[in-house]
Amino acid sequence: MVLSQSELTEELSRLNGWEEVNGEIQKTYRLETFPEAIQFVHLVADLAESLDHHPNILIEYRNVTLTVSTHDEGGITEKDITLAKGCEELV
Ligand SMILES: C[C@H](O)[C@H](O)[C@H]1CNC2=NC(N)=NC(=O)C2=N1
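Attention here is on the structure that accompanies the text. For every chain, the first residue of the written sequence is number 1, and numbering continues from 1 along that sequence. Given that this is a predicted model, residues contribute local features only at a pLDDT of at least 70 and side-chain atom pairs are listed and counted only at 80 or more, while totals for whole chains, interfaces and linings are drawn from all residues. Hydrogens are left out, water is left out, and the side-chain values use all remaining heavy atoms of the structure.

A 1.4 Å probe rolled over the protein chains alone gives each residue an accessible area, and that area as a share of the maximum for its type sets the label: buried under 20%, exposed over 50%, partly exposed in between. Under the scheme used here, helices are H or I runs from DSSP no shorter than 4 residues and strands are E runs no shorter than 2 residues, and both carry numbers assigned from the N terminus. Taken together, the buried positions of helix α3 (residues 78–88) are occupied by Asp80, Ile81, Leu83, Ala84, Gly86 and Cys87. If you follow the buried residues of α3, they end up packed against α1 (5–13), β2 (24–30), α2 (34–51) and β4 (63–68). The contact criterion used throughout is that any non-hydrogen atoms of two residues lie within 4.5 Å.

If a single non-hydrogen atom of a residue is within 4 Å of a molecule or strand, that residue counts as near it. Around the ligand, the neighbouring residues are Asp52, His53, His54, Val68, Ser69, Thr70, His71 and Asp72. One nitrogen or oxygen atom from the main chain of serine 69 is found 2.8 Å from a nitrogen atom belonging to the ligand. Two N or O atoms count as a polar contact when they lie within 3.5 Å, although within protein this holds only if one can serve as hydrogen donor and the other as acceptor, and sequence-adjacent residues are included solely when both atoms are side-chain atoms. One nitrogen or oxygen atom from the main chain of histidine 71 is found 3.1 Å from an oxygen atom belonging to the ligand. In isolation the ligand exposes 400 Å². Once the protein is present, 66% of that is buried. Here the nonpolar group is Ala, Val, Leu, Ile, Met, Phe, Trp, Tyr, Cys and Pro; Asp, Glu, Lys and Arg are the charged ones; every other residue, Gly included, is treated as polar. A per-class count over the shell around the ligand returns one nonpolar, five polar and two charged. Areas reported here follow the Shrake-Rupley algorithm with a probe of radius 1.4 Å; residue values treat only the protein chains shown as occluding.

One can find lysine 85 in helix α3. Residues in contact with lysine 85, not counting those within four places in the same chain, are Glu11 and Leu15.

Residues enter patches when their relative accessible area tops 30% and they take part in no salt bridge; the joining distance is 9 Å for like charges and 5 Å for the nonpolar side chains Val, Leu, Ile, Met, Phe, Trp and Tyr. Just to be clear on terms, a salt bridge is a Lys or Arg side-chain nitrogen sitting within 4 Å of an Asp or Glu carboxyl oxygen. Charge counting follows a simple rule: Lys and Arg are positive, Asp and Glu are negative, and His as well as the terminal groups are ignored. Charge positions come from single atoms, namely NZ of Lys, CZ of Arg, CG of Asp or CD of Glu. Taken together, Asp46, Glu49, Asp52, Asp72 and Glu73 make up a surface patch of like negative charges. Within the secondary structure, aspartate 72 sits in the loop between β4 and α3. You can call aspartate 72 exposed: its relative accessible area is 73%.

For side chains of opposite charge, pairing can occur when their charged atoms come near one another. Across all of its chains, the model carries four salt bridges by this definition. Measuring nitrogen to oxygen at the nearest pair gives 2.3 Å for the salt bridge that ties arginine 14 to glutamate 10. Glutamate 10 sits in the partly exposed class, given a relative accessible area of 40%. Residues lysine 27 and glutamate 88 are paired through a salt bridge, measuring 2.8 Å at the closest nitrogen-oxygen approach. Of the two residues, lysine 27 sits in strand β2 while glutamate 88 sits in helix α3, which places them 61 residues apart along the sequence. Judged by its relative accessible area of 11%, lysine 27 is buried. A cluster of three or more residues bridged by salt bridges with shared partners is formed by Glu10, Glu11, Arg14 and Lys85.

This is the structure:
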């Protein structure tokens, strides 16, 4: 279930701006305004609920950093990649 390093590298090569950080995948989205950042977070929350897969979310003014791994598996899985791909469609 946990992706191999080569599988992860391959998946990340197709995910703009996502990188591996301390065994999780992470991306910082820079929105235009604070309200837009909050709106984006709401969309991410809805997506996470629909997938039952939840990222850590850090809101810093108009920057939103998403960090995710699969806690149940203790590493990065396809579930994390699926969530990241979904987030890419929200902006
Ligand atoms: C019971 C519930 O399905 C699990 O706890 C889900 C919830 N959201 C989750 N989110 C993440 N990132 N990893 C998980 O393993 C996970 N498990």
